[in-house]
Structure formats: C-alpha cells, structure tokens
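Inside the fold
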Amino acid sequence: MSVQVKFWGVRGSIATPSADHMKYGGNTSCVELVLGDRIIILDAGTGVRMLGNCLLNREIKNYLFLQSHTHWDHINGFPFFAPVYCEDVNIEIRAGHLSTCGGIKKVLSSQMCQPTFPVPFEELSANINFHDFVAGECFSLGDGIEVKTAPLVHPDGGTGYRIEYDGVSVCYVTDTEHTPGTLDQNILDLIKDADLVIYDCTYTDEEYPKFVGWGHSTWQEGIRLCRAAGAKRLAIFHHDPSHDDVFMDQIATEAAREWSGAFVAREGTGIELSNEAAQPMSNLKAAVC
C-alpha cells in the first residue's frame, strides 16, 4: 500500500494564468491525498476545479477537505468544485481556526452571497457536513488514518496537518510565518521524521525582510525545519505570484544544491510514498483521470 500526493494547485495569494507561469502552474493551493480508498483534499484554491472534474470521472463519491485557513486563495475554487452540485456525493469539511468566529460553513457560504457570486450556497446538492476543531487537536478518520494538527502563525489563524497512514506521514504546513533564527517548535513537533513536508515557501530569505507580518515563510526555512526534524523530503509550495518559471527554476537549482531532499512542487505532478521509498508520479491527467 502507498500514499499518493497529487498537486492540483501550488501558487499562493492569487492565481497566475500567464505564459511565464506555465511550467510550475498558476492555480492556487490544492493537494489531493489518496490513501487506499480514501480521498483527502488539502485546501480548495482554484486548483480544486480540475480535481473535482477528475473525481467525477473516477466516480468517487466521498471525500474530506482539510482547510489550512480560509483566505481567498485557499477557498475560492470551492464554488467551482463540480461534485458539490451532485446529490449522490458526500463531503466533509474540517477547519481548525474558526470555532470561535462562526465556523467553516459560515465562511464558505458567505463567499457565495450576492452580489459577489451568482449561485447561492443553498443551491449545492451534495451532502456536506462541517466540523470545526481547535488547531492542536488530534483525530482519527477511520481506515487507519490518523491526523495531528498544529496552530500556524498567519493573519486570521491557520492550521498545519500531519496525516499518517500505513506507516507513511505527510505534513501540510501552509500558510505560516517564521521568526528568523528561531525554529517554530509547533512545526518541528508536527513534522518530526515525516516522509514528506509540504511547506509555505512563498519567499526567499533575501526577500523575506520586506514582507514581515504578511504570514509567509521561505524555502530556506523549510529546509532548516526539515533537517532539524529529521523529515525526509520537502515540497517547496505556495509560490509567490511574482515568481515566474525562470525564477522558480533558480529556486529549484539552489534548493537541490542546499539539500537533496528538497524539490519544487509543480501543478500536475505528484509523488507516491510507501514505507520503502518515494517515487515521482507521472502527469496527473494521465495517472488518474
């Protein structure tokens, strides 16, 4: 058995559908985990639209969303996720930062209110269940899937996730801001010995001082965290919209030189994890649709 990690959206802040962002992708955050017969979706950025179409083609009817937070770039694909309009689909949505301010249902429904969106939330036909928890909690999903969470440093709050299944651990840690010179202990505990860490690498260390307080981190900090925690691989994720393909190529080269476990996440690709090894996957459309 293995865990398949598939990148449907890797961009941060805003989608970048331009020619000079095609290699790494312009859709915002969305990652699919396939764990046996279970599907977990990490965030509902614009990348979730294509994932939804693929899930319908695969005739999959049940899945779970784990939301890191609810800034627009992580939720604005939700109204375009085709399965939410299907009566025979069951969806659970969990978030760890909204239990004291109305909950995840309130946020997702409010973005579909007029005059900012033409189709009201009440038009969704799927059976959707919402669950709010407090970041830091742990819970079981059944089928041998265990989830650990941690609070992140981000405006309006955020949640990092560690998903464990069949001896494999995948961590999703975006969006979060670090303090230079001090490794975040919450993150270190979450990612300890993880097989894969998907981390907020919006900036470089050189850019970071200009954006303190914006709630993001750097690929160099991601490497420092993974090394300190004994994690095996780092997926550089949440690419800044100003970082075109040429810039991302440079990051890929520098990161690989800095640590062999680091790679830049690209939309339309993925990685297959097992107890023994991690293997790159082929193009998503060819692999799963």
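Preceding block: the structure.
Residues numbered from 1 in each chain as written. Predicted model: local features only at pLDDT ≥ 70, side-chain atom pairs only at ≥ 80, totals over all residues. Heavy atoms only, no water.

1. Comments concerning the packing of aromatic side chains
Here a ring pair, both rings aromatic, is described through the centre-centre distance and the interplanar angle of the planes. For clarity, the cut-off: We call Phe, Tyr and Trp rings a pair once their centres come within 6.5 Å, taking the six-membered ring for Trp, and we label the pair stacked below 30 degrees between planes, edge-to-face above 60, and tilted otherwise. Remark: a charge is flagged as sitting over a ring if the NZ atom of Lys or the CZ atom of Arg is within 6 Å of the ring centre and within 35 degrees of the ring normal.
Scanning the entire structure with this criterion turns up eleven aromatic pairs. Between the NZ or CZ atom of Arg94 and the centre of the ring of Phe139, over which it lies, the distance is 4.5 Å. Lying across the ring of Tyr24, Arg266 places its NZ or CZ 5.6 Å from the centre.

2. Re unusual backbone geometry
The cut-off we apply is this: A run of H or I in DSSP counts as a helix once it spans at least four residues, and a run of E counts as a strand once it spans at least two, with each numbered from the N terminus.
Here Gln114 and Pro115 are connected by a cis peptide whose omega angle stands at 10°. Here Pro115 lies in the loop between helix H2 (104–110) and strand S6 (127–132). In this chain, Thr174 is followed by Asp175 through a cis amide linkage whose omega measures 0°. Looking at the element boundaries, Asp175 is found in the loop between strand S10 (168–173) and helix H3 (185–191).

3. Some details on helix H5 (residues 245–258)
Spelled out, the test is: What a helix should span is 1.5 Å times the count of its residues minus one. For each residue, the accessible area found with a 1.4 Å probe, counting protein chains only, is set against the maximum for its type, and the residue is called buried under 20%, exposed over 50%, and partly exposed in between. Arc definition: directions from the helix axis to the C-beta atoms. In this analysis, two residues are considered to be in contact whenever any of their non-hydrogen atoms come within 4.5 Å of each other.
Taking 1.5 Å per residue, 14 residues should reach 20 Å; H5 reaches 20 Å between its end C-alpha atoms and fits that length. Within H5, the full set of buried residues consists of Asp245, Met248, Ile251 and Ala255. Relative to the axis of H5, the buried residues are bounded by an arc of 110° and lie together on one face. Facing away from the buried side of H5 by over 90 degrees, the exposed positions are Val246 and Arg257. Turning to H5, the residues buried within the fold contact helix H4 (219–229), strand S12 (234–237) and strand S13 (262–264).

4. Let's talk about the environment of Val107
Relative to the helices and strands, Val107 resides in helix H2. You can call Val107 buried: its relative accessible area is 19%. In this structure, the C-alpha to C-alpha distance between Val107 and Leu234, residues 127 residues apart in sequence, is 31 Å. In this structure, Val107 is in contact with Thr70, Ile75 and Leu98, ignoring residues within four places of it in sequence.

5. Remarks on the pairing of S6
Let me state the cut-off plainly: Two strands form a pair only when DSSP identifies at least two bridges running between them. When the strands point away from the viewer and the path from the first strand over the helix to the second turns clockwise, the crossover is right-handed.
Here strand S5 (residues 90–95) pairs with S6 via six bridges, running parallel. Pairing of Arg94 across the sheet is with His131, part of S6. The handedness of the S5 to S6 crossover, carried by H2, is right-handed.

6. Re the pattern of salt bridges
Rules: What counts as a salt bridge is simple: a side-chain nitrogen of Lys or Arg found within 4 Å of a carboxyl oxygen of Asp or Glu.
Enumeration over the complete set of coordinates arrives at twelve salt bridges. The closest approach of N and O atoms between Lys23 and Asp249, which form a salt bridge, is 2.8 Å. Here Lys23 is found in the loop between strand S1 (3–9) and strand S2 (30–35), whereas its partner Asp249 is found in helix H5, with 226 residues between them in sequence. Assessed through its relative accessible area of 28%, Asp249 is described here as partly exposed. Note that Asp193 and Lys192 form a salt bridge whose closest N and O atoms lie 3.9 Å from each other. A relative accessible area of 40% means that Asp193 is categorised as partly exposed. Salt bridges here are not isolated pairs; linked through shared partners, they connect Lys148, Arg162 and Glu164.

7. A few points about the pairing of strand S11 (residues 196–200)
Burial within S11 is extensive, with five of its five residues counted as buried. Strand direction decides the pairing type here: S10 and S11, joined by four bridges, are parallel. Looking across to S11, one finds that Val173 is bridged to Tyr199. Pairing of S11 with S12 involves four bridges; the strand directions are parallel. The partner of Asp200 across the bridge, within S12, is Phe237.

8. Digging into the environment of Glu32
Under the convention used in this document: Under the rule applied, a polar contact is a pair of N or O atoms within 3.5 Å (in protein, one hydrogen donor and one hydrogen acceptor; residues adjacent in sequence only if both atoms are side-chain atoms).
Locating Glu32 in the fold gives a position in strand S2. Sequence spacing of Glu32 and Trp8 is 24 residues, and the spatial spacing of their C-alpha atoms is 7.3 Å. Apart from the residues within four sequence positions on either side, Glu32 is in contact with Gln4, Val5, Lys6, Trp8, Ile39, Ile40, Leu51, Leu55 and Arg58. Here Arg58 takes part through its side chain, which lies 2.9 Å from a polar atom of the side chain of Glu32.

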